[in-house]
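# Per-entry structural report
Chain by chain, the residues run as shown.
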Amino acid sequence: MSAEFITSFIIPVILSLIITPWVVKFALQINAVDNPGGRKIHTSVTPRLGGLAVFSSAIVSVGLIFIIFPELASHLEAADWQVYIIPFCFLGIFLLGFWDDLKPLKPGIKFGVQFIIAAAVYFAGFKISNITNPVGSGMLNVEMIDFPLTLLWIVGITNAFNLIDGLDGLASGVATIASISIFTVSALSGEFLIAALALVMAGALVGFLRYNFSPAKIFLGDSGSLFIGFSMALMSIQSTTKISTGFALLFPMLVLGFPITDTLISMLRRFLGGYMPERSKEKSKSLAGKLHEMFTPDSSHIHHQLLSLGLTHRNTVLLLYFVSAFFALGAFAITQVDNIEMLLIIGLMLGFVLFHGIKKLRYREIAIFNNGMMLPIYERWILNRAMFLGLIDLIFVAASYMLSYKLLYSINPSSVQFLNFEQVMIMVISVQLFTFWITGLYREKIKQMGIGNVLKITSSVVYAVFGTACALLVMDGFPFISALQFLVLDFYLLLTFTLGIRIAYQALSYWFNRYKKTGENVLIYGANENGTMILHKINNSSNSKFKVLGFLDDDCDMEGKLIYGYPVLGGYWKLSKTLRNMEVDCIFICDEDIKAENFNRMKKLAEAKGITIKRLHIRLKSILNGTEAKNKISKHLNEPTISYF
């Protein structure tokens, strides 16, 4: 089949190289161009009918290849007559995009036609009827929902390529990599027709890339992106029909991993963006309104984000080519394994890289642990409602019991096989929650946690586990060693859960204030008790207007150290360099022993930069008895004060 495959690639490359310049001239003549402005990145008028070149090259190439190699066409003879509906579906999706390039269509019309075409494909026999079993070997039959599942896959992938078509050569290059991956797997599994068609698509795209790569002379347009996405959706389904491994249907999801990831991230961040703290004062929207925002176009796709991080147009495209190739290699590896252990290893590797890649994009909407989104939930439901916190503790107590039981059972099944699981669980929940209540755990102020609170929580957990031990002693037949093992496991799990939920508010406040984008940038002069008190005040306030950059301290030994994660930048001798490297709005002086010459130097530098200096004073005054005391108190209350927070 080597001659067939080589020809299947060379013919569309040559045709695409010949046809594309003619399409450029044709698009300019009929004014089918993309003007700069708005969300557009390009700066000059560019033709946008590139899909006509790709479609024409691919269709003509398929016809020529079937004439040259009739044995490939013979694969269709045994197929059902419904298969011949597919060419009309390809034509329909192309004409939809072509019309949208000439005269933009409403989203409802575009999606409606796409769903009709996807339904036609389904009834022609192209459907997803089995998916990989995520909890075992083999496949799961999904015939009950295969119709909506197939429609969702086809329409989703079709529009995913439309979404990533924002940089010169990006969508066409990613589709080329995906086509080559589909060819490889199809050829190895004996799907020679799909392999040849994948090479035709790859060849048409390679020829088109000659004119589409940065700086582009022509864009794909909707005629190209919809046609390419539709082709990838269908070929990715058919490419794995003859693969024996149970993980074959993970292949389409990975080979199209980049457009799928970009689509899902876009929808997620748009939805979460409606709950961001900075939008809390806006007119509240219903859930339907927030869901509608998920499909609203914006300029924060992955390629936009990479550009905002400083990458050039061309480097961004090349990086995303590499990402697509990485997904493609993972997809190929998935098709070559037939055991769950190897699948988990490959999945963990891909997941690890994907997680850190998304983290590097710095989407604030997705960083829910440091964007302040979780703080209102704590403030509304957990901080001021002991009953709600008690309900959470009930879940934690039950989870600790079940996990301890399962761990003990995995170590020594005979040690707990006699245990009445449900009866003991009810006893443990009752004893431990009652102990939490009588030890005053629900009177603790979560918003202002300190070491004393931690010790209090720990002691309550100790008493709760001790109460459980006493209850277990009265139960017959529970071996001492098994009971001791169970109690140790239960203690550590219960302490982790109960302590974690209570210190989470401080952690969220810290992350929010550490990484927030707005606020006055502050340097704290004095890495001492007063300085850390100011730091805690800022980080424990969800509406603080300050953002701490670090500490200054005249103690040479403190330089380079970290205080609660914030760096000690040095003393007054480093202030000049610090002000050159950082944008500072205010300096809080918390060192009462600062030397006059150091203060004067700091004041001079601050005045030159327009930086405010504030000094913290903590004083204790005696209150006298009688009239003199009243006069002193009245005078003190009338004195002007400075509020830092």
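See above for the structure.
These notes cover the structure that comes with them.

Analysis parameters
- Residues numbered from 1 in each chain as written.
- Predicted model: local features only at pLDDT ≥ 70, side-chain atom pairs only at ≥ 80, totals over all residues.
- Heavy atoms only, no water.
- Phe/Tyr/Trp six-rings, centres within 6.5 Å; stacked < 30°, edge-to-face > 60°.
- Helix = DSSP H or I, 4+ residues; strand = E, 2+ residues; numbered from the N terminus.
- Lys NZ or Arg CZ within 6 Å of the ring centre and 35° of its normal.
- Core = buried A, V, L, I, M, F, W, Y, C linked by side-chain atoms within 4.5 Å.
- Buried < 20%, exposed > 50% of the residue type's maximum accessible area, 1.4 Å probe, protein only.
- Contact = heavy atoms within 4.5 Å.
- Pairing = 2+ DSSP bridges.
- Axes fitted to C-alpha atoms, helices over the stretch in contact; angles between N-to-C directions.

Turning to the packing of aromatic side chains, a few remarks are in order. A complete count under the given rule lists 18 aromatic pairs for this structure. Their ring planes at 85 degrees and their centres at 5.1 Å tell us that Phe5 and Phe183 sit as a pair that is edge-to-face. Here Phe5 is found in helix α1 (residues 2–29), whereas its partner Phe183 is found in helix α7 (residues 170–189), with 178 residues between them in sequence. Note on Tyr401 and Phe486: the rings are 5.7 Å apart at their centroids and 75 degrees apart in plane angle, and the pair reads as edge-to-face. Of this pair, Tyr401 sits in helix α17 (residues 386–411) while Phe486 is found in helix α20 (residues 480–515), placing the two residues 85 residues apart along the sequence. An aromatic cluster is present here, built from Phe55, Phe90, Phe94, Phe98, Phe227 and Phe230 joined pairwise through their rings. Its guanidinium or amino end placed over the ring of Trp22, Lys25 lies 5.5 Å from that ring's centre, counting from NZ or CZ. For the cation-ring pair, Arg210 lies above Tyr211, with the distance from its terminal atom to the ring centre recorded as 5.2 Å.

Let us now look at the nonpolar core. The biggest cluster of nonpolar side chains holds 92 residues, and the ones touching the most others in it are Trp153, Phe161, Phe230, Met232 and Leu256. Counting residues per element, this core draws most heavily on helix α8 (residues 192–212), which supplies twelve residues. Setting aside residues up to four positions removed in sequence, Phe161 forms contacts with Ala171, Val174, Ala175, Ser225, Ile228, Gly229, Met232, Leu256 and Pro259. By size, the runner-up hydrophobic cluster in this structure holds 40 residues, among which are Leu433, Ala464, Ile501 and Phe512.

Looking now at the sheet that holds strand β6 (residues 546–552). The strand order across the open sheet formed by four strands is β6-β5-β9-β10, and the pairing between neighbours is parallel. Of all the strands in the sheet, just β6 and β10 (612–615) have a single pairing partner and so form its edges. With direction set aside, neighbouring strand axes in the sheet form an average angle of 25 degrees. Taken together, the four bridges between strand β9 (residues 586–589) and β10 define a ladder with parallel strand orientation. Across the sheet, residue Ile587 finds its bridge partner in β10, namely Ile613.

Don't take any of this as a statement about function, it's just geometry.
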